[in-house]
Amino acid sequence: MQQKVEINGQSRRQMQKAINEKKKKSRDVTGQEDDADDDDDVSERNCPGIKSKDAGKASACSGCPSQQICASGPKGPDPGIELVQNRLEQVKNKILILSGKGGVGKSTVTALLSRALAADDSERNVAVLDIDICGPSQPRVLGVLGEQVHHSGSGWSPVYVDDNLSVMSIGFLLSTPDDAVIWRGPKKNGMIRQFLSEVDWGKLDYLLIDTPPGTSDEHLSATTYLSEADLTGAIIVTTPQEVALLDVRKEIDYCRKVGIKVLGVIENMYLFVCPCCQKLSEIFPATTGGARRMCEDLDVTYLGGLPLDPKIARYCDEGKNFITEMPNSSITDSCKNIIKELAKYRKETH
Amino acid sequence: MLDDVKHIILILSGKGGVGKSTVSTQLALTLKERGFKVGLLDIDLCGPSIPYLLQLEGKDVHQADGGWVPVYTDDKQNFAVMSIGFLLNSRNSAVVWRGPKKTAMVKQFLTDVCWGDLDYLIIDTPPGTSDEHITVMENLKTVKCDGAILVTTPQQVSIEDVRKEITFCKKTGIHILGLIENMSGFVCPHCTECTNIFSKGGGESLAELAKIPFLGTLPIDPRVGQLLGKTCVKELPDSPSAKTFNGIVDRLVVT
Ligand SMILES: Nc1ncnc2c1ncn2[C@@H]1O[C@H](COP(=O)(O)OP(=O)(O)OP(=O)(O)O)[C@@H](O)[C@H]1O
Ligand SMILES: [Mg+2]
Ligand SMILES: [Zn+2]
């Protein structure tokens with residue numbers, strides 16, 4: 001008889017066992033820090049997690065192939081959590097920009113919103129942290145490509161795009177644009193901890209955190225380190241087509257699992273305005289009702305839509321400030337509306 | 001498990017959302033159309049889109065004596081598909097795994113799936129240069145892999161990431177079969193004027209610079225996005241996309 005292979009259902013435990021067996025045998029080649037410590041899986045239902053004092057001792061642990069490792073591992077929370085909490089105490093609103101799908105415009109939206117927030121009030125201090133380790137985009141879209149970050153006694157000083165807008169990205173630490181960061185999870189984890197705990201932002205009203213696509217190490221690391229830092233919540237970016245929504249639903253599921261508040265969803269590139277005839281067309285057709293429908297289904301806020309405008313892509317590539325140079329465009333309007341929506345969650349600086 | 005697979009081709013891109021899965025699917029379907037036995041392996045664990053793109057959502061993978069039996073799209077078993085999407089029981093649940101677990105899963109996909117004898121195995125990857133990629137490279141060292149096809153869109157933000165991917169291939173010794181520029185230009189259905197939404201030609205000049213073959217451009221064509229398992233070269237034979245896919249396959253088949 002053939003047996004159905006499944007991850008969430010009955011045979012999951014079995015498969016996990018098989019995977020863990022295999023893992024033991026294969027401590028492989030590149031940069032091997034594959035220790036069980038990095039294997040805490042928030043989707044595993046009853047696992048207390050390796051950081052817990054019950055690690056290896058809870059009822060769910062019996063029979064788990066990692067039981068011994070867990071039981072003997074160091075206990076207590078990662079010291080990084082407290083470092084991050086202290087460092088970000090002066091940051092009022094901390095917002096993650098997420099999307100399960102790649103290329104939907106997370107980085108673009110992050111840049112547009114940060115610029116809109118900064119332009120709206122010159123007294124407001126805004127910063128962007130780019131935790132996309134393999135494909136950092138913020139240096140380019142914020143127009144500070146090739147800048148250097150400096151290390152001082154109080155930590156790394158970020159790069160200033162404007163008087164009240166600063167940014168930190170791994171892009172500033174690479175020597176050439178061809179440099180590839182070929183890292184496995186644990187190393188990325190270390191980098192993100194440093195970014196969250198060692199950048200000297202000063203007093204900030206907003207910190208927007210741009211993330212890579214997916215739900216993986218970077219997200220887990222950021223979520224863990226921010227767990228005590230009073231994260232405001234997450235903005236989810238999507239495009240209207242089902243392939244994107246498919247991943248975005250997973251992202252919302254992820255937020256709920258780890259307890260991140262979903263501030264709302266932004267639907268990017270939802271209509272195309274032809275520069276010749278000004279007529280609208282759908283490039284990525286919303287065959288399943290688009291983001292609006294998904295928001296209704298999952299009971300999350302629809303923050304607004306941004307049309308696909310070739311000028312945006314050009315401005316981002318050139319690192320120009322779309323918000324101030326195109327004050328009358330509908331995209332600028334939409335961004336302003338979105339930051340008004342966000343103000344509902346805002347905490348004021350003292 | 002990969003011993004009887006004649007050709008293995010990786011589809012890579014540094015940037016997310018540039019169309020890797022669409023390219024992977026259509027290349028696989030074009031190869032099948034030419035009479036080859038083809039396998040398609042989706043190692044994007046967090047965002048598997050192959051099951052949706054081929055309208056195979058809800059299909060199951062079974063465990064047989066020899067290993068996992070992939071999902072076949074046809075009775076003749078000329079097109080085999082494997083994706084984590086088949087192993088999840090809800091399409092909305094997130095796979096939130098750190099590296100080591102992803103590594104184990106990818107390894108299992110490479111070692112435990114009974115592909116049988118295949119002419120081509122196309123491997124669709126997630127964006128970036130991380131655990132999944134490192135694992136694939138390590139595991140393909142022992143079997144012969146033809147190389148990688150890189151996908152980019154024309155904008156600088158994407159080109160920048162592909163440059164990193166090229167470095168990755170060089171460092172890990174993966175041969176680069178060539179570069180495809182996707183989403184170059186959109187033809188307005190109202191005035192049929194072609195707009196270069198994301199500029200144009202970035203891919204071609206990068207290929208020249210990096211001395212890698214340029215495999216062609218694919219315009220933004222909403223019809224291609226809606227093929228859902230149908231073969232572009234068959235359904236839209238006169239489209240520019242079909243010409244590009246045919247061209248790429250012509251090249252692959254010769255080498
Ligand atoms: N509203 C828009 N109109 C036109 N172009 C856009 C729009 N939004 C994003 N783009 C373009 O789409 C491309 C992808 O956007 P972006 O890099 O922000 O996506 P991302 O989600 O951060 O991608 P990744 O997953 O790779 O990090 C960029 O070239 C950007 O300029
Ligand atoms: Mg990005
Ligand atoms: Zn037009």
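Residues numbered from 1 in each chain as written. Chains lettered and ligands numbered in written order. Predicted model: local features only at pLDDT ≥ 70, side-chain atom pairs only at ≥ 80, totals over all residues. Heavy atoms only, no water.

1. Comments concerning the site of ligand 1
- Surrounding ligand 1, one finds 22 residues, the nearest of these being Ser-107, Thr-108 and Asn-268 of chain A together with Lys-15 and Gln-155 of chain B.
- Near ligand 1, the surrounding residues belong to chains A and B.
- Here a nitrogen atom of ligand 1 sits 2.9 Å away from a polar atom, N or O, in the main chain of Pro-307 of chain A.
- Note that an oxygen atom of ligand 1 is positioned 2.6 Å from one of the side-chain N or O atoms of Lys-15 of chain B.
- Relative to its free-state accessible area of 630 Å², ligand 1 is covered by the protein chains to the extent of 98%.
- Elements with a contribution of two residues or more to the shell around ligand 1: helix 4 (106–120), strand 10 (262–273), strand 12 (302–308) and helix 10 (310–318) of chain A. (Near = heavy atom within 4 Å. Polar contact = N/O pair within 3.5 Å; in protein donor to acceptor, adjacent residues only side chain to side chain. Areas by Shrake-Rupley, 256 points an atom, 1.4 Å probe, with all protein chains shown as cover. Helix = DSSP H or I, 4+ residues; strand = E, 2+ residues; numbered from the N terminus.)

2. So, the UniProt feature "binding site: ATP" (unreviewed entry) in chain A
- Those places that UniProt annotates as "binding site: ATP" (unreviewed entry) correspond, in this numbering, to Gly-100, Lys-101, Gly-102, Gly-103, Val-104, Gly-105, Lys-106 and Ser-107 of chain A.
- If you trace the backbone, Gly-102 of chain A turns up in the loop between strand 2 (91–98) and helix 4.
- Under the relative-accessibility criterion, Gly-102 of chain A is labelled buried at 8%.
- Those residues within four positions of Gly-102 of chain A in sequence are excluded, and the remaining contacts are Pro-213 of chain A together with Gly-16 and Gly-17 of chain B. (UniProt positions renumbered as here; feature names shortened; annotations may be inferred. Buried < 20%, exposed > 50% of the residue type's maximum accessible area, 1.4 Å probe, protein only. Contact = heavy atoms within 4.5 Å.)

3. Focus on the environment of Thr-324 of chain A
Residue and element names in this part refer to chain A.
- Positionally, Thr-324 belongs in helix 11 (residues 322–325).
- In this structure Thr-324 comes out as partly exposed when scored by relative accessible area, which is 46%.
- A sequence separation of 119 residues divides Thr-324 from Asp-205, and the C-alpha atoms of the two residues are 20 Å apart.
- For Thr-324, the side chain forms a polar contact with the side chain of Asn-321, separated by 3.1 Å.

4. Considering the UniProt feature "binding site: ATP" (unreviewed entry) in chain B
Residue and element names in this part refer to chain B.
- The UniProt feature table records "binding site: ATP" (unreviewed entry) at Gly-14, Lys-15, Gly-16, Gly-17, Val-18, Gly-19, Lys-20 and Ser-21.
- Structurally, the position occupied by Gly-19 is in the loop between strand 1 (5–12) and helix 1 (20–33).
- Residues contacting Gly-19, with those up to four places away along its chain left out, are Val-151 and Asn-182.
- Following the sequence through the fold, Lys-20 ends up in helix 1.

5. Here we look at helix 6 (residues 202–210) of chain B
All names here are of chain B.
- Taken as a whole, helix 6 has its buried residues at Gly-202, Gly-203, Leu-206 and Ala-207. Viewed end-on, helix 6 has its buried residues packed into an arc of 130°, placing them on one side of the element. Those residues of helix 6 that are exposed and aimed more than 90 degrees away from the buried face are Glu-208 and Leu-209.
- The inward-facing, buried residues of helix 6 abut strand 8 (147–152), helix 5 (156–172), strand 9 (176–187) and strand 11 (214–220).
- Among the residues trailing helix 6, Lys-211 stands out with phi positive, at a value near 55°. (Arc of directions from axis to C-beta.)

6. Brief notes about the side chain of Lys-106 of chain A
Residues and elements named next belong to chain A.
- With respect to the helices and strands, the residue Lys-106 is situated in helix 4.
- Salt bridges are absent for the buried Lys-106, whose nearest opposite-charge side chain, Asp-210, sits at 6.0 Å.
- In contact with Lys-106, other than residues within four places in its own chain, are Ile-97, Leu-98, Ser-99, Lys-101, Asp-210, Thr-211, Pro-212, Pro-213 and Val-237. (Lys, Arg positive; Asp, Glu negative; His and termini not counted. Salt bridge = Lys/Arg side-chain N within 4 Å of Asp/Glu carboxyl O.)

7. Remarks on the interface of chain A and chain B
- On the chain B side, the residues contacting the 84 residues of chain A number 72 residues.
- Counting each side, the surface lost to burial between chain A and chain B is near 6700 Å², with a carbon and sulfur contribution of 57%.
- For the interface between chain A and chain B, the tally reads 6 salt bridges.
- Among the ionic pairs, Arg-91 of chain B bridges to Glu-242 of chain A, the shortest N-O distance being 3.1 Å.
- Put simply, chain A and chain B have 24 residue pairs in polar contact (both at pLDDT 80 or more) between them.
- The element best represented in the side of chain A that touches chain B is helix 8 (residues 242–258) of chain A, accounting for 9 residues.
- Broken down by class, the residue content of the side of chain A that touches chain B amounts to 35 nonpolar, 21 polar and 28 charged. (Buried area = accessible area lost by both parts, 1.4 Å probe. Nonpolar A, V, L, I, M, F, W, Y, C, P; charged D, E, K, R; others polar.)

8. Looking at the packing of helix 6 (residues 185–198) of chain A against helix 7 (residues 217–225) of chain A
Residues and elements named next belong to chain A.
- Closest axis-to-axis distance for the helix 6/helix 7 pair is 9 Å, and the angle between their directions is 40°. The angle between the axes of helix 6 and helix 7 places the two elements in the oblique class. Seen along the crossing, helix 6 lies across helix 7 with a hand that is right-handed. Counting all contacts with helix 6, which are made through Gly-185, Lys-188, Asn-189, Ile-192, Arg-193 and Leu-196, the residues of helix 7 involved are Asp-217, Glu-218, Ser-221, Ala-222 and Tyr-225. (Axes fitted to C-alpha atoms, helices over the stretch in contact; angles between N-to-C directions. Parallel < 35°, antiparallel > 145°, perpendicular 65-115°, else oblique. Left-handed = near helix turned anticlockwise from the far one by under 90°.)

9. Details of the UniProt feature "binding site: [4Fe-4S] cluster" (unreviewed entry) in chain B
- When the UniProt feature table is mapped onto this chain numbering, "binding site: [4Fe-4S] cluster" (unreviewed entry) sits at Cys-188 and Cys-191 of chain B.
- Looking at the secondary structure, you find Cys-188 of chain B in the loop between strand 9 and strand 10 (194–195).
- In this view, Cys-188 of chain B contacts Cys-274 and Cys-277 of chain A together with Glu-193 of chain B; residues no more than four positions away in its chain are not counted.
- Along the chain, Cys-191 of chain B falls in the loop between strand 9 and strand 10.
- You can call Cys-191 of chain B partly exposed: its relative accessible area is 26%.
- Not counting residues up to four positions away in its chain, the partners in contact with Cys-191 of chain B are Cys-274, Cys-276 and Cys-277 of chain A.

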